[in-house]
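# Reading the structure
Chain by chain, the residues:
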Amino acid sequence: MYQKVGKVAYKADLSNIQLLDDHLENPHSTFKTIHVGGTNGKGSTSHMIASILQEAGYKVGLYTSPHLKDFRERIRINGKMVSKQFVIGFVKRNWDFFECHPLSFFEMTVGMAFNYFAKQRVDIAIIEVGLGGRLDSTNIITPEVSVITNIGYDHTAYLGNTLKAIATEKAGIIKRNIPVVISELQKETISVFEEKANKTNSLMVLASNSVDRNYETDLLGSYQQKNSKAAVATIHQLQQKGYKISEKQIKQGLLNVVKNTKLQGRWQILQKNPTVICDTAHNKEGLSLVLDQLREQPYNHLHIVLGVVKDKNLNKILPLFPKEAQYYFCAARIPRALDVNKLYKEARNIGLNGNKYPSVEEAYLAAKTAVKDNDLIFIGGSTFVVAEIL
């Protein structure tokens, strides 16, 4: 399971998912899809698109990863998680196949999602890419629209160590004659998408140019404006294909993302007086945006509960954090978590001061004990640190 152990669980190959899909009688071909990839923002964008379509009256499947608290968060229809009974039944029904074929956790889960959406007869499903794009298990679908959000340095061991190389892998979800929405103009990567779109005869829409207004959304991070434009540009493409979605439903969908889809962990305010905020941003580009917003918040003293996973480049992300904060270093309860002693040492070397704790829970408790009414606690650095707080 990549979520827990990382690289050893990753399979850059579509043969297994194609085998499973054939075994399940190709459920992915029975419903419409939207395919969402990118480095940052693909989860939020997926939830926004799903929320808008729900407001328009469609029965909407939503497949995302990773989960925070419950595996079933990954597979939803109109915001409701897949039932425990279906998960258990799916494994039982396909046990012999799984015994004979060494599938990854992610491959099994993609197959389960496609099978569930087909059986439940969804009108359309929003499918978030797991990692990369070209060789991701979700990439057997031919969607109504492909969407690619911000490109940044993440998972470089698998995708390449330049933005152009990473973008090339992400561009693998662009399909022949299928429109693709690019959420923002990045000079290092735009030529990659233009070249691929030309090769596949795909209309390329730059959301930052094609959507000329900012929409309000209940997702509070200022960085969500880019994601909302990508979602709206995607909806515009669906409208051109005959989907009935009004401007009012677009607005309502963006204002009710959390209510409709149950999204968590994106600039989520857990309490006030003192303010506690968590965010799952975990790479340079994502953290830069979140920490910029954090600096704009009113507070007397800033307390940061911080943990990361092993594959993060500390030289790139630690300098982003404010030196005036008090830090509570920790490690999530997964094998992928970076040892807290290493994080503590590297952070101290660049002037981030604080103490280390044996668990996320103890780090958060120490922060809550130290905080005063007009202070602020921020929890982040890793999806898995946030998961243990929620």
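Provided above is the structure to which this section pertains.
Structure report, in brief. (Residues numbered from 1 in each chain as written. Predicted model: local features only at pLDDT ≥ 70, side-chain atom pairs only at ≥ 80, totals over all residues. Heavy atoms only, no water.)

### Topic: the pairing of strand β11 (residues 302-306)
This is how it is decided: The buried label applies to any residue whose accessible area, calculated with a 1.4 Å probe on protein chains only, is under 20% of its type's maximum; exposed applies above 50%, and partly exposed to all values in between. Working definition: helices are DSSP H or I runs of at least four residues, strands are E runs of at least two. Numbering for both runs from the N terminus. Strand pairing follows a simple DSSP-based rule, namely that at least 2 bridges must link the two strands.
Taken across its five residues, β11 has five buried, putting it largely inside the fold. Of the two faces of β11, the one carrying L302, I304 and L306 and the one carrying H303 and V305 are both buried. Relative to strand β14 (residues 376-380), β11 runs parallel, the two being bridged by five bridges. Paired with L306 across the two strands is G380, which belongs to β14.

### Overview of the sheet that holds β11
The condition that has to hold: For helices, the fitted line uses only the C-alpha atoms of the stretch in contact; every axis is such a line through C-alpha atoms, and the angle between N-to-C directions lies from 0 to 180 degrees. Pairs of residues are marked as contacts when any of their non-hydrogen atoms sit within 4.5 Å.
The strand order β9-β10-β14-β11-β12-β13 describes an open sheet built from six strands, whose pairing is mixed. Of all the strands in the sheet, just β9 (268-271) and β13 (354-356) have a single pairing partner and so form its edges. The sheet shows a mean angle of 20° between the axes of neighbouring strands, direction not considered. For β9 and strand β10 (residues 275-278), the ladder comprises three bridges, and the chain directions are antiparallel. Across the sheet, residue Q268 finds its bridge partner in β10, namely C278. Contacts from helix α16 (residues 340-349) reach β11, β12 (326-329) and β13, with the element oriented near 165° to β13. Across the sheet, helix α17 (residues 360-370) is in contact with β10, β11, β12 and β14; its angle to β12 comes to roughly 155°.

### Re the nonpolar core
Side chains of nonpolar character tend, in soluble globular proteins, to be buried together. We count it as follows: Think of a nonpolar core as a cluster: buried Ala, Val, Leu, Ile, Met, Phe, Trp, Tyr and Cys residues, connected wherever their side-chain atoms sit within 4.5 Å.
By size, the foremost hydrophobic cluster in this structure holds 50 residues, and its most contacted members are I304 and I379. If we ignore the near neighbours within four places in the chain, the residues touching I304 are L294, F321, P322, A325, Q326, Y327, Y328 and F378. A56, V60, I124 and I126 belong to the second-largest nonpolar core, a separate cluster that totals 33 residues.

### A closer look at the pattern of salt bridges
Convention followed: For salt bridges, the criterion is a side-chain nitrogen of Lys or Arg within 4 Å of an Asp or Glu carboxyl oxygen.
Enumeration according to the criterion identifies nine salt bridges in this entry. Note that D311 and R336 form a salt bridge whose closest N and O atoms lie 3.4 Å from each other. Of this pair, D311 sits in the loop between β11 and α15 (314-317) while R336 sits in the loop between β12 and α16, and the two are 25 residues apart along the sequence. Assessed through its relative accessible area of 8%, R336 is described here as buried.

### Topic: helix α3 (residues 42-55)
Convention followed: For a helix, the expected span equals 1.5 Å multiplied by the residue count minus one.
Between its first and last C-alpha atoms α3 spans 20 Å; for 14 residues at 1.5 Å apiece the expected length is 20 Å, and the two agree. Of all 14 residues in α3, 13 are buried, a share of seventy percent or more. Just past α3, the residue G57 takes up positive phi, approximately 95°.

### Observations concerning α17
The criterion, for reference: Directions are taken from the helix axis to each C-beta atom, and the arc is the one they span.
Every buried residue belonging to α17 is among V360, A363, Y364, A366 and A367, and all of these are buried. Viewed end-on, α17 has its buried residues packed into an arc of 160°, placing them on one side of the element. In α17, those exposed residues whose orientation departs by more than 90 degrees from the buried face are E361, L365 and T369. Taken together, the buried residues of α17 touch β10, β11, β12, β14 and α18 (383-389).

### What about the packing of aromatic side chains?
Put simply, the rule reads: In this scheme Phe, Tyr and Trp rings, the latter by its six-membered ring, pair at centre separations within 6.5 Å, and the angle between planes marks the pair as stacked below 30 degrees, edge-to-face above 60, and tilted otherwise. Each ring is checked for a lysine NZ or an arginine CZ that lies within 6 Å of its centre and within 35 degrees of its normal; such an atom marks a charge sitting over the ring.
All told, the structure shown has 15 aromatic pairs when counted by the stated rule. Between F31 and F114, the ring centres sit 6.2 Å apart and the planes meet at 65°, which makes this aromatic pair edge-to-face. Separated by 83 residues along the polypeptide, F31 in the loop between α2 (15-23) and β1 (32-37) and F114 in helix α6 (residues 105-119) bring together distant segments of the chain. Comparing F31 with F114 shows no difference in burial state: the two are buried. Geometrically, the ring pair formed by Y327 and F329 is stacked, given 5.6 Å between the ring centres and 10° between the ring planes. When sorted by exposure, Y327 lands in the same class as F329, which is buried. Members of the aromatic cluster, connected to one another through ring pairs, are F31, F86, F90, F97, F98, F114, Y116 and F117. Looking at R93, its charged tip hangs above the ring of F86, at a distance of 5.4 Å from the centre. Above the ring of Y153, the side-chain terminus of K316 is found at 3.9 Å from the ring centroid.

### Some remarks on the state of the cysteines
Heads up, the condition is: Cysteine sulfur atoms that pair up within 2.5 Å are treated as a disulfide.
Applying the stated criterion to the full structure yields zero disulfides. In this model C278 remains outside any disulfide bridge; the closest cysteine sulfur is found in C330, 13 Å from its own.

### Considerations on the packing of α3 against helix α11 (residues 224-240)
Axes are the key here: two packed helices are described by the angle between their axes and the distance separating the axes. Applicable threshold: Angular relationships are summarised with four words: roughly parallel below 35 degrees, roughly antiparallel beyond 145, roughly perpendicular across 65 to 115, and oblique for the angles in between. In this scheme, a crossing is called left-handed if the near helix is turned counterclockwise away from the far one by less than a right angle; it is called right-handed if the turn is clockwise. In the scheme used here, Gly and all other residues not listed as nonpolar or charged are polar, with Ala, Val, Leu, Ile, Met, Phe, Trp, Tyr, Cys and Pro taken as nonpolar and Asp, Glu, Lys and Arg as charged.
As a packed pair, α3 and α11 sit with axes 9 Å apart at the nearest point and diverge in direction by 45°. Classed by the angle they form, the pair α3 and α11 counts as oblique. Viewed along their axes, α3 and α11 form a crossing whose handedness is right-handed. Touching S44, T45, M48, I49, I52 and L53 of α3 are Q224, N227, S228, A230, A231, T234, I235 and L238, all from α11. Across the contact of α3 with α11, the residue classes tally to eight nonpolar, six polar and no charged.

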